[in-house]
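Coordinates in review
Listed below are the residues making up each chain.
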Protein chains: 2
Amino acid sequence: MPTYKAPLRDMKFLLNEVFDYPGHYQTLSTGANATPDIVEAVLNECGRFCEEVLSPLYQSGDEEGCRLQDGEVKTPKGFKDAYQQYASGGWQGLSAPEEFGGQGLPASMGLFKQEMMGTANWSFSMYPGLSLGAMNTLFLHGSDEQQQTFLAPLVDGRWSGTMCLTEPQCGTDLGQVSTKAEPQADGSYLLTGTKIFISSGDHDLTENIVHIVLARLPEAPKGTRGISLFIVPKFLPGPDGAVGERNAVSCGGLEQKMGIKASATCVLNFDNARGYLIGPENQGLECMFTFMNTARIGTALQGVGPTELSYQWALDYARERRSMRALSGKKEPEQVADALIHHADVRRMLMTQKAIAEGGRAMLYYAARLADHMVDGHVRGDQEAVDKYDDKLGFLTPILKGFLTELGNEAANLGMQVFGGHGYIREHGMEQIVRDTRIATLYEGTTGIQALDLLGRKVLLMTRGGAVREFTLKIANFARKQLGNSQLRPMALELLKLSGQWNLLTMRILLAARKDRDVVSAAANDFLMYSGYVTMAYIWARQASVAIRKLDTGGDESEAFYRAKLATAEFYYQRLLPRAQAHASGMLAPADSLMRLTPDELASTG
Amino acid sequence: MPTYKAPLRDMKFLLNEVFDYPGHYQTLSTGANATPDIVEAVLNECGRFCEEVLSPLYQSGDEEGCRLQDGEVKTPKGFKDAYQQYASGGWQGLSAPEEFGGQGLPASMGLFKQEMMGTANWSFSMYPGLSLGAMNTLFLHGSDEQQQTFLAPLVDGRWSGTMCLTEPQCGTDLGQVSTKAEPQADGSYLLTGTKIFISSGDHDLTENIVHIVLARLPEAPKGTRGISLFIVPKFLPGPDGAVGERNAVSCGGLEQKMGIKASATCVLNFDNARGYLIGPENQGLECMFTFMNTARIGTALQGVGPTELSYQWALDYARERRSMRALSGKKEPEQVADALIHHADVRRMLMTQKAIAEGGRAMLYYAARLADHMVDGHVRGDQEAVDKYDDKLGFLTPILKGFLTELGNEAANLGMQVFGGHGYIREHGMEQIVRDTRIATLYEGTTGIQALDLLGRKVLLMTRGGAVREFTLKIANFARKQLGNSQLRPMALELLKLSGQWNLLTMRILLAARKDRDVVSAAANDFLMYSGYVTMAYIWARQASVAIRKLDTGGDESEAFYRAKLATAEFYYQRLLPRAQAHASGMLAPADSLMRLTPDELASTG
């Protein structure tokens, strides 16, 4: 079983050569800490930790899984020790404010850390990952006292957090939430209800767990406008801040899942559990979703990280395993057969993985700059900046989450395919990546929900196409500047064409939706995927333009790296981007063939 | 957990209304047995067996899996009883010649049986399924004595069979096979070597197992021309035909797999095991591959059956689970939310499944007529007919196997997606379908191998495009006849366009391959998928034309069924068929961006 190597060269290429992060960090109030030396040191050290500590636990964690023992969840062997190294290394507070014990680095650096951790061991990374949601909620909506009590132990990793939304009867449709919160004389509340699918809902890694819970006050309005947000700790904090009395929240079961088996997915029973209101009454959903864009980008990482891992393993295998001869003639005549890597169809699979891993990473790093600005707005109390960057991020988020996780599944399956029948055998680890990655299009909003959020909300309802106009203008401006470069010109021309088409498609759907609202839902998935392919095309062209420049200059020790960049960009334009046109056709189809059958007709068997 | 319902209405629609099987059977020498009454009775009874006996063991078989105990494989609870019912019902010999105890029905009826069994419980169906390969090999290449000894107990299901090809160092590249066969004084051979991935290699369902094994004679030529075929029974048959002495073939281990866990995938160790040469020396591969097309069509079923199963379960769930409101307004105002089925994006997923299940089934039933004619040629000793139909089938086989199993994986994942997060939980069974189906693109030749077989061998090498010309002529002739029908006209026009394009693409690749042989491998996957989409379009139009005619006539009790057929055909043309154009673009791209990087450049990290 090969092991994870942090793709530091590619990360630094994006940070320093493509997206000018050094300059970007200088514009942030938190940027003073993020000097190039610090960034380099953090990336290297994080890479080492992920390679040496987290990667070796990837397969064993899946084999062992989590256990529920006497009402407490036990994580797989090695996780507790790894988590202690993680916490004591100060990693949890990397991007948290210094006033709460964090290191005060920009939000994007947290993303780079998450990417490496999630690639080395996605299940492990979910334990600290879920804490970030709780931290963000407390940071934005907690009272001073709540922040004093809960934030510091979360930031230093002594405690962890969860987000408790889903109930048996509802996941997407949170208006159906029915967990009750009864106010008590002392200002606290007693919560009763059942939450399901709670990642890290119980475990043995930290001394306490802070649940952020959606529930209803008595007499609250029905639907989404009657939901409030509560802090419910596993152990009530004592007056000294130490862990006190056990609260009445318990793990009623562990879900048996297809993958991410080392991540504890809990049924949580709240049985008059003590909680504390956070944020205003009945505005729980708004509070919960404040940092939703950043959380969803964290999930989008699952389209990129496992693709990178699968690519690394598949590439190694393709260089070692020998089968048949290349069609263009023997490549290794001294061997019994040529290595798989000499077969063009195997190359197609590997290059697809590489294009998705590096293209997806670049899309995320592009968006992470916007996230930095948004967080910086919060820090500076500049709501205008917050709104501006949240909008820009809000347009990209469903594309990143929906498109990249769909492609991540494809890529994980291709990696398995490179192994042939051996890919289906557990010991090679390729099928684990497929199983683990499969959750990515389901949680944090399914692909269908991302698609509706993008087309229905961000594009049509909120901006009447304006979000597409703004983004395509940026693409077109970039493309026009590249027309003079003969190597980049074909990509630039394609981008110009796509910029126009994206707007045209948006307008046609806008018009069609006036007559038939179902058109929006019928077109949403194709629109999402189309948007993803075009966005990735833009981002690949930006990488290619840097690679061409560096190769033109010459003499760089990274020439092989730049040549690979350029070939991958060309591959993407030639063999993956054409799919955008299939989605363009699909989204313009009338909704009629989809919707005209009654459920009985659809199920008709006679 | 919902259970399997045999889609008998759709099967009979294809047999009786679309492909005129009653007329077809009259042209076969084995057809006299296959009267409409018999066909009807066999389908109904097989459906009942699959629904009542096999379907209930689907999930439990996966949970329990197979165990290796004291060197013997134990199948999951209930399998042995189910197999005994299967064997005593005479199902194993359904399409086997009467002279060996079979029922002498056409080969296609065996396929319909396999489809239902494989849909209800794919893992179970592999045990009798593997026997078919052994039976076919013995039927065609066995001596009279070998047939007397081995065929009858295989036909009545008392014994089962395997095909032992793969070794640790080679799967696709069988020229690397190294198992040795030493001739003995009595005319038998002693075989030594290790075979891996042997489905049904050991189990407790039958009293004996007949292994068909590829091995090398001493001094045999290197590569594929030095491989011979042997019969190696688990127990040597005694003179009375009963089971005698234990042979030196043993199960050295069970593979831990992603899915099909109730199917025993064995490492088999041959340690001077006694075997009998079957067919001529050094022509083992040709003998083994005689019925390869039919075996691969059996695997193509795995693209269709699990899609049907996943569709049935997802459709039930979509009708029951409520979430949000339809964009076009409340559909069930008295309920807390609308059922999933009212959301267009959920419809898109369900209709995709339906289009693949029914379109794929129809493609298989179309091909099964050709298989009938080929087998009939064998029965009648008419080699010309055998060759003619084997060629026609040989063109369709990689399309069916490659394309349908790729789409089957997509469909299984869509079914899971309909369930949202619940799809990832084992108890619902949706993730099992995904895991089980995943093997389909890997075994019996990966998709890459199917693609090379189609483009490199069947289309370019053997016929220089003739196979495409012949098949598209058939499509175009059908399409022209439909132009006068206003409802079918859009599909007919599209088919005419695609018929021309398919030939043009073939010619362009033929020309490009003269300059660069890698083009063939680089284009093969796109060519395969393109071919699949066009073939399915043809088959959907044929179904639509029948549905339109029936709806025009009116008064049929199946009106809902026909309306669903027509809507699904339209859906296919509007939302799935456009993908063919993305593959058309991809296949014409130069191989350069795929092939120009050295392996080191591809792996470059600095």
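Residues numbered from 1 in each chain as written. Chains lettered and ligands numbered in written order. Predicted model: local features only at pLDDT ≥ 70, side-chain atom pairs only at ≥ 80, totals over all residues. Heavy atoms only, no water.

Here we look at the domain arrangement of chain A
All names here are of chain A.
- Looking at the assigned domains, one finds that chain A contains domain 1 (8–288), domain 2 (292–445) and domain 3 (452–593).
- For domain 1 and domain 3, the distance between their C-alpha centres works out to 34 Å.
- Contact residues are listed per partner, giving seven residues for domain 1 and 10 residues for domain 3.
- The largest contributions to the domain 1 side of the interface with domain 3 come from Arg-9, Phe-13 and Glu-17, which together make up 58% of the buried area.
- On the surface where domain 1 and domain 3 come into contact, there are two salt bridges.
- Here domain 1 and domain 3 share four residue pairs in polar contact (both at pLDDT 80 or more) between them.
- A class-by-class count of the residues in the side of domain 1 that touches domain 3 yields four nonpolar, no polar and three charged. (Domains from an automatic or database assignment. Contact = heavy atoms within 4.5 Å. Buried area = accessible area lost by both parts, 1.4 Å probe. Salt bridge = Lys/Arg side-chain N within 4 Å of Asp/Glu carboxyl O. Polar contact = N/O pair within 3.5 Å; in protein donor to acceptor, adjacent residues only side chain to side chain. Nonpolar A, V, L, I, M, F, W, Y, C, P; charged D, E, K, R; others polar.)

Concerning the packing of helix α15 (residues 466–482) of chain A against helix α16 (residues 489–515) of chain A
All names here are of chain A.
- As a packed pair, α15 and α16 sit with axes 8 Å apart at the nearest point and diverge in direction by 160°. By the angle class used here, α15 and α16 are roughly antiparallel. Regarding α15 and α16, the two cross each other, and that crossing is left-handed. Along the contact surface, α15 presents Val-468, Arg-469, Phe-471, Thr-472, Ile-475, Ala-476, Phe-478, Ala-479, Arg-480 and Gln-482, while α16 presents Arg-489, Ala-492, Leu-495, Leu-496, Ser-499, Trp-502, Asn-503, Thr-506 and Met-507. (Axes fitted to C-alpha atoms, helices over the stretch in contact; angles between N-to-C directions. Helix = DSSP H or I, 4+ residues; strand = E, 2+ residues; numbered from the N terminus. Parallel < 35°, antiparallel > 145°, perpendicular 65-115°, else oblique. Left-handed = near helix turned anticlockwise from the far one by under 90°.)

Let's talk about unusual backbone geometry
- Look at Glu-219 of chain A: it is not a glycine, yet its phi comes out positive at around 65°.
- Considering the arrangement of structural elements, one finds Glu-219 of chain A in the loop between β6 (208–215) and β7 (228–233).
- The backbone of Ser-200 of chain B shows a phi angle near 60°, a positive value even though the residue is not glycine.
- Assignment of secondary structure puts Ser-200 of chain B in the loop between β5 (189–199) and β6 (208–215).

Observations regarding the pairing of strand β9 (residues 243–246) of chain B
Residue and element names in this part refer to chain B.
- Two elements, strand β8 (residues 235–237) and β9, share two bridges in a ladder whose sense is antiparallel. Paired with Pro-237 across the bridge in β9 is Val-243.
- Linking β8 back to β9 in an antiparallel pair, the connection comprises five residues, with Gly-241 at a positive phi of about 85°. (Pairing = 2+ DSSP bridges.)

A word on the packing of aromatic side chains
- For the coordinates displayed, the defined rule picks out 52 aromatic pairs over all chains.
- Both rings, one in Phe-13 of chain B and one in Phe-561 of chain B, keep their centres 5.3 Å apart while their planes meet at 75°; by these two values the pair is edge-to-face. Linking Phe-13 of chain B in helix α1 (residues 8–18) with Phe-561 of chain B in helix α18 (residues 559–576), this pair joins segments that are 548 residues apart in sequence. Each of the two residues, Phe-13 of chain B as well as Phe-561 of chain B, counts as buried.
- Site record: aromatic cluster; members linked through ring pairs are Phe-19, Tyr-366, Phe-395, Phe-471, Phe-478, Trp-502, Tyr-530 and Tyr-538 of chain A.
- Against the face of Phe-561 of chain A rests Arg-9 of chain A, its NZ or CZ located 4.5 Å from the ring centre. (Phe/Tyr/Trp six-rings, centres within 6.5 Å; stacked < 30°, edge-to-face > 60°. Buried < 20%, exposed > 50% of the residue type's maximum accessible area, 1.4 Å probe, protein only. Lys NZ or Arg CZ within 6 Å of the ring centre and 35° of its normal.)

Structural notes on the UniProt feature "domain: Acyl-CoA oxidase/dehydrogenase middle" (unreviewed entry) in chain A
- Feature annotation in UniProt assigns "domain: Acyl-CoA oxidase/dehydrogenase middle" (unreviewed entry) to the following positions: residues 163–272 of chain A.
- The distance from the first to the last C-alpha atom of residues 163–272 of chain A is 18 Å, and the span holds 0% helix and 47% strand. (UniProt positions renumbered as here; feature names shortened; annotations may be inferred.)

Quick look at the relation of the copies chain B and chain A
- The two copies are related by a screw operation: chain B maps onto chain A through 180° of rotation and 0.0 Å of translation along the axis, at an RMSD of 0.0 Å. A rotation of that kind, with that shift, is consistent with a two-fold axis. Proximity to the rotation axis, assessed at the C-alpha, singles out Ala-582 of chain B in chain B; its C-alpha lies 3.1 Å from the axis. (Least-squares fit on C-alpha atoms with pLDDT ≥ 70 in both.)

Some words on the packing of helix α17 (residues 518–553) of chain A against helix α18 (residues 559–576) of chain A
Residue and element names in this part refer to chain A.
- For the pair α17 and α18, the least separation of the axes is 9 Å and the interaxial angle reads 150°. Here α17 is positioned roughly antiparallel relative to α18, judged by the angle of their axes. The crossing of α17 and α18 is left-handed.
- Taken together, the residues that form the contact of α17 with α18 break down as 16 nonpolar, three polar and four charged.

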